[in-house]
Every structure is written in C-alpha cells, then in structure tokens.
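Remarks on the overall topology
These are the residues of each chain, in order.
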Amino acid sequence: MKLKFTKMHGAGNDFVVIDGINQDIRFTPEQWKLLGDRRFGVGADQILLVEKPTAAGCDFRYRIFNADGGEVEQCGNGSRAFVKFVAEKGLTSQRSITVQTKAGIIAPRLEDDGSITVDMGAPVLEPARVPFDAENLQGQPQGGDLLWPLMLELGGAREEVLISVVSMGNPHAVQVVDDVDTAPVELSGPLIERHARFPNRVNAGFMQIVDRHHIRLRVFERGVGETLACGTGACAAAVAGIRRGLLDSPVQVDARGGQLSISWAGPGQPVFLTGPAVTVFEGEIEI
Ligand SMILES: N[C@H](CCC[C@H](N)C(=O)O)C(=O)O
C-alpha cells in the first residue's frame, strides 16, 4: 500500500505518525520495524498509530511501536506529537483530548504558547507491577523509595548498580549518576534493558541531579537504544527523585534533545509532562 505519514519529534525523540482512521492499517511487526529503520525505511524511535477509540469516553486510541517492531504501552513524547497531529489534520477541533492507550487513559492538552501538557496518569510504584522481580533482593531504603541492587556483568567484571523501579504504564529503571556525559549508558544500558529481573525488559534511565528542581537525563530505551529524550523516562526519573527526597516538583529535565518539565504531587497523583512537539515533514512510502 502507499502509506501517508507525518515525521515528528518531541525534544528530539522522533516519530513516524500515521492516520489509522482514514487509512486501513494492518501491519506485521516486520512492517512496523521497516518504518522505523533509518536506512531501509523512514527511520524513527517509535511509530505512532492514530485510531478511533474502542473505550467509552475517549476521543482517540493511540498505539505505539518501538523501532524494533514491538508494540508498547506508553510514550510520553509521542503523546504530545499525537495531539498536535490530530489538531493539524483536522481530526479534532478540541485542544484537550482523552486518549486510550495500552496502559490506560492519558489527556494531552495543547497550550496557547504551543507547548503541550499531558496528564500521564499516576505512576505504578509496586515492583511486581512494574514488573520487576525483586525476589531474594534486599531493597535499601532511601527516603520514601526503595533502591534495588542490580548485578551487571560488565566485560567479565560484576558490578552492582542501585536502581529505582517505576512504571508509567511502561517499565523504567532509574539510577543517579554524578555526570550523565560520562555515565556508561552505551555499556550498561543494554545490560539493564535485558536484565533477567525485568520480564518485559525495561527502559534504563541515568539521572544527574543539578538541584532540587533540575536534572539532566539520558535514557537507553527498551526496543530502541539511547534516544535524545524519553518522556515517560523523564516522568519516572522525577518520581524516583521526589520519592527519595532528592527533588521537589516541578522538575526541569534537560535531555540531550531538549527540555521537558515534570510535575507530580505524590503517590496516587497523576504525573504531568510538558514539552514541545514539532512537525518535520509529510511523506508517502510504499509498504
Ligand atoms: N521505549 C519505550 C516506549 C517509548 C517511550 C519514550 N519514547 C517516551 O517518550 O516515553 C518502551 O519500550 O517502553
């Protein structure tokens, strides 16, 4: 089929966005992977599919596919691109929409200054629901959070890292580092992503505390690798830092591709993600 798509990004986390309402989209994982391929396809971190909702009370359904072709539960930067896309395509006249995702309902809102704020829902903090297998591990209390020791095999040597585990609908393992520029993201990111204690794999966050309202963050994303920004990763890092008593809401998150802002009033409360969304170009591809 000749597929129409829009290339977008949110703080450098890039997407192929597809109108699945006016196009009949039934792709295999291999086709999703091809769309994300930076040499043989269009190239993106994730592919976002816009559909009619199947849940009552929602305006749209939002499906997310990583560059490896796997469908996932949530994408924070993608939710901002989503609301900009449906507005630009005339699929809605609303500036605030409710969107059905695999992880539940989110509510992105187009602000007057062009930025977008998304109610990402409440974080899930129980390890078993992240999911993280904490069996036979002794969590180390740090403020209101538990830090879990994760053993990594780094080039024959065994190294223990201390992580917080948070789900924003998708799983995150967040650690504090002294300097994100020298953090071993390329080396330990893949080891954490596929660690046996994460049955669904995990996004690995590396957070540098600048001050109580400001962090720098790099994320090795599940199914992609390091991205220039990760919206749910920024949510998870801010939640972990606030729970540990290291941060106070709101938190400015400096990612390599741009700035995000997170606010969270505490357990059981929704996390709000604010940031940019940019339309880069429109395209067509035979797939
Ligand atoms: N790689 C993530 C999905 C995209 C998350 C990220 N791009 C965001 O903005 O939240 C996962 O497998 O859970």
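The rules behind the values
- Each residue is numbered by its place in its chain's sequence as written, counting from 1.
- Whole-chain, interface and lining totals are the exception, using all residues; otherwise, since this is a predicted model, local features are given only for residues with pLDDT of at least 70 and side-chain atom pairs are given and counted only at 80 or more.
- Only hydrogens and water are set aside; all other atoms, that is, all heavy atoms of the structure, feed into the side-chain values.
- Strands are runs of DSSP state E lasting at least 2 residues, helices are runs of H or I lasting at least 4, and numbering of each runs from the N terminus.
- Atoms counted for the radius of gyration: C-alpha only. Globule rule: 2.2 Å times residue count to the power 0.38.
- A simple rule labels every residue: compare its accessible area, found with a 1.4 Å probe on the protein chains alone, to the largest value its type can have, and call it buried under 20%, exposed over 50%, or partly exposed in between.
- By definition in these notes, contact holds between two residues if any of their heavy atoms fall within 4.5 Å.
- Here the Shrake-Rupley method, with its probe set to 1.4 Å, supplies the accessible areas, and only the displayed protein chains count as covering residues.
- A residue counts as positive if it is Lys or Arg and as negative if it is Asp or Glu; His and the chain ends are not included.
- In plain terms, the charge of a residue is placed at NZ if it is Lys, CZ if Arg, CG if Asp and CD if Glu.
- Here a residue is near a molecule or strand as soon as one of its heavy atoms is found within 4 Å of it.
- Think of a polar contact as two N or O atoms within 3.5 Å of one another; within protein, one of them needs to be a possible hydrogen donor and the other a possible acceptor, and neighboring residues in sequence only count if both atoms come from side chains.
- Confidence of the prediction at every residue is given by pLDDT, a number between 0 and 100.
- Only one rule defines a salt bridge in this text: a Lys or Arg side-chain nitrogen within 4 Å of an Asp or Glu carboxyl oxygen.

Along its length, the chain carries four helices and 19 strands. Since a compact globule built from 287 residues should have a radius of gyration of about 19 Å, the 18 Å found for the chain is in line with a globular shape. Seen along its three principal axes, the alpha-carbon backbone of the chain occupies a region of about 50 × 40 × 35 Å. Looking at the chain as a whole, 53% of its 287 residues qualify as buried. The long-range fraction of contacts in the chain, counting pairs at least 24 apart against all pairs at least 6 apart in sequence, stands at 60%. When the accessible area of the chain is evaluated, it comes to approximately 12,100 Å², of which 50% is carbon and sulfur surface. Considering the chain, the positive charge centre built from 28 side chains and the negative charge centre built from 36 side chains are found 3 Å apart.

Here we come to the site of the ligand. Around the ligand there are 15 residues in total, and Asn13, Gly76, Glu221, Arg222 and Thr232 lie nearest to it. One of the side-chain nitrogen or oxygen atoms of Glu221 is found 2.7 Å away from a nitrogen atom of the ligand. Within the side chain of Arg222, one N or O atom sits 2.8 Å away from an oxygen atom of the ligand. Relative to its unbound accessible surface of 360 Å², the ligand loses 100% to contact with the protein. Of all the secondary structure elements, the ones that give two or more residues to the shell around the ligand are α2 (76-88) and α4 (231-243).

Attention shifts here to the environment of Pro250. Within the element layout of this structure, Pro250 appears in the loop between α4 and β16 (251-255). With 38 residues separating them in the primary sequence, Pro250 and Arg212 have C-alpha atoms 9.1 Å apart.

Detailed reading of predicted coordinates is not advised where the pLDDT is low. Mean pLDDT for the chain: 96, with 100% of residues reaching 70 or above. Under the prediction, the complex receives an ipTM of 0.97, its pTM being 0.97.

Turning our eyes to something else, we now look at the pattern of salt bridges. What the rule picks out here adds up to 27 salt bridges. Close ionic contact of Asp45 with Arg38 constitutes a salt bridge, the shortest N to O distance being 3.0 Å. On the basis of relative accessibility, which here comes to 6%, the residue Asp45 falls in the buried class. According to the relative accessible area criterion, Arg38 is partly exposed, its value standing at 49%. For the salt bridge of Arg216 with Asp179, the shortest nitrogen-to-oxygen distance reads 3.7 Å. With Arg216 in strand β14 (residues 214-221) and Asp179 in the loop between β12 (171-176) and α3 (185-193), this pair connects stretches of sequence that are 37 residues apart. Given a relative accessible area of 26%, Arg216 falls into the partly exposed group. Classification of Asp179 by relative accessible area gives partly exposed; the value is 26%.

Of note, the bond from Val130 into Pro131 is cis; its omega dihedral lies within 30 degrees of zero at -5°. For Pro131, the location among the structural elements is in the loop between β8 (116-119) and β9 (140-142). The peptide bond linking Ser249 to Pro250 adopts the cis configuration, its omega dihedral lying at 0°. The backbone of Asn136 sits at a positive phi, close to 65°, despite the residue not being glycine. Mapped onto the elements, Asn136 comes out in the loop between β8 and β9.

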